[in-house]
Amino acid sequence: MAIIGQMCSRCVLDQSDPNIVFDVSGECNYCKKYDGIMPLTRQQCSSARLEKVMRDVKNEGKKGDYDAIVGMSGGVDSSFVLYKAVKEYGLRVLALHV
């Protein structure tokens, strides 16, 4: 699929979505909605908070075969997330690639 027109400066969604709207800084309405839903900004998330979330995920995962599911596109971002989850946090991960 070719990129059509403008692209979000943050998430890279483009105008192939008929409902996308961009603000003056080039961010899309979906990123703005996300910011309104999430109580913390990316800068406010800390290592301590991430550690707590990973402990909680691990504890909840004891009930099943896996601790978490990670979407795997094969790109740098999803590969990094999978690496961190398995190697650094010791999660039992089901990697999902569609």
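Use the structure listed above.
The following paragraphs examine the structure supplied in this document. (Residues numbered from 1 in each chain as written. Predicted model: local features only at pLDDT ≥ 70, side-chain atom pairs only at ≥ 80, totals over all residues. Heavy atoms only, no water.)

## Quick word on the state of the cysteines
All chains considered together, the criterion is met by zero disulfides. With no disulfide partner, Cys8 has as its closest neighbouring cysteine sulfur the one in Cys11, 3.7 Å distant. With a relative accessible area of 3%, Cys8 lands in the buried category. With no disulfide of its own, Cys31 has Cys11 as its nearest cysteine by sulfur position, at a separation of 3.7 Å. Residue classification places Cys31 among the buried residues on the basis of a relative accessible area of 7%. (Disulfide = S-S within 2.5 Å. Buried < 20%, exposed > 50% of the residue type's maximum accessible area, 1.4 Å probe, protein only.)

## Notes on the environment of Asp67
Structurally, Asp67 is set in the loop between α2 (47–61) and β1 (68–71). Taking the relative accessible area as the measure of exposure, Asp67 reaches 12% and is therefore buried. In this structure, Asp67 is in contact with Val57, Lys58, Gly61, Lys62, Gly90, Leu91 and Arg92, ignoring residues within four places of it in sequence. (Helix = DSSP H or I, 4+ residues; strand = E, 2+ residues; numbered from the N terminus. Contact = heavy atoms within 4.5 Å.)

## Brief notes about the pattern of salt bridges
For the coordinates displayed, the defined rule picks out eight salt bridges. Between Arg10 and Asp35 there is a salt bridge, and its shortest N-O distance comes to 2.8 Å. Of the two residues, Arg10 is situated in the segment before α1 (29–37) and Asp35 in helix α1; the sequence distance between them amounts to 25 residues. We note a salt bridge from Asp67 to Arg92, for which the minimum N-O separation is 3.0 Å. Of this pair, Asp67 sits in the loop between α2 and β1 while Arg92 sits in the loop between α3 (76–88) and β2 (93–96), placing them 25 residues apart in sequence. (Salt bridge = Lys/Arg side-chain N within 4 Å of Asp/Glu carboxyl O.)

## Structural notes on the layout of surface pockets
Volume-wise, the second largest pocket comes out at about 160 Å³. Lining the second largest pocket are Leu50, Met54, Val57, Ala68, Val70, Phe80, Val81, Lys84, Ala85, Tyr89 and Leu91. The biggest single contributor to the lining of the second largest pocket is α3, with four residues. In terms of residue class, the lining of the second largest pocket is built from ten nonpolar, no polar and one charged. (1 Å grid on protein atoms, 1.4 Å probe; cavity = no way out; pocket = protein on both sides within 12 Å on 5 of 7 lines; lining within 4 Å. Points joined across faces, edges and corners; volume = space filled by probe spheres on them. Nonpolar A, V, L, I, M, F, W, Y, C, P; charged D, E, K, R; others polar.)

## Examining the pairing of β1
Of the strand pairs in this sheet, β1 and β2 are connected by four bridges, and their pairing is parallel. Residue pairing in the sheet places Gly71 in a bridge with Leu96 of β2. Note that the unit made of β1, α3 and β2 has a crossover that is right-handed. (Pairing = 2+ DSSP bridges. Right-handed = clockwise from strand over helix to strand, strands pointing away.)

Worth remembering: the numbers are spatial, not functional.
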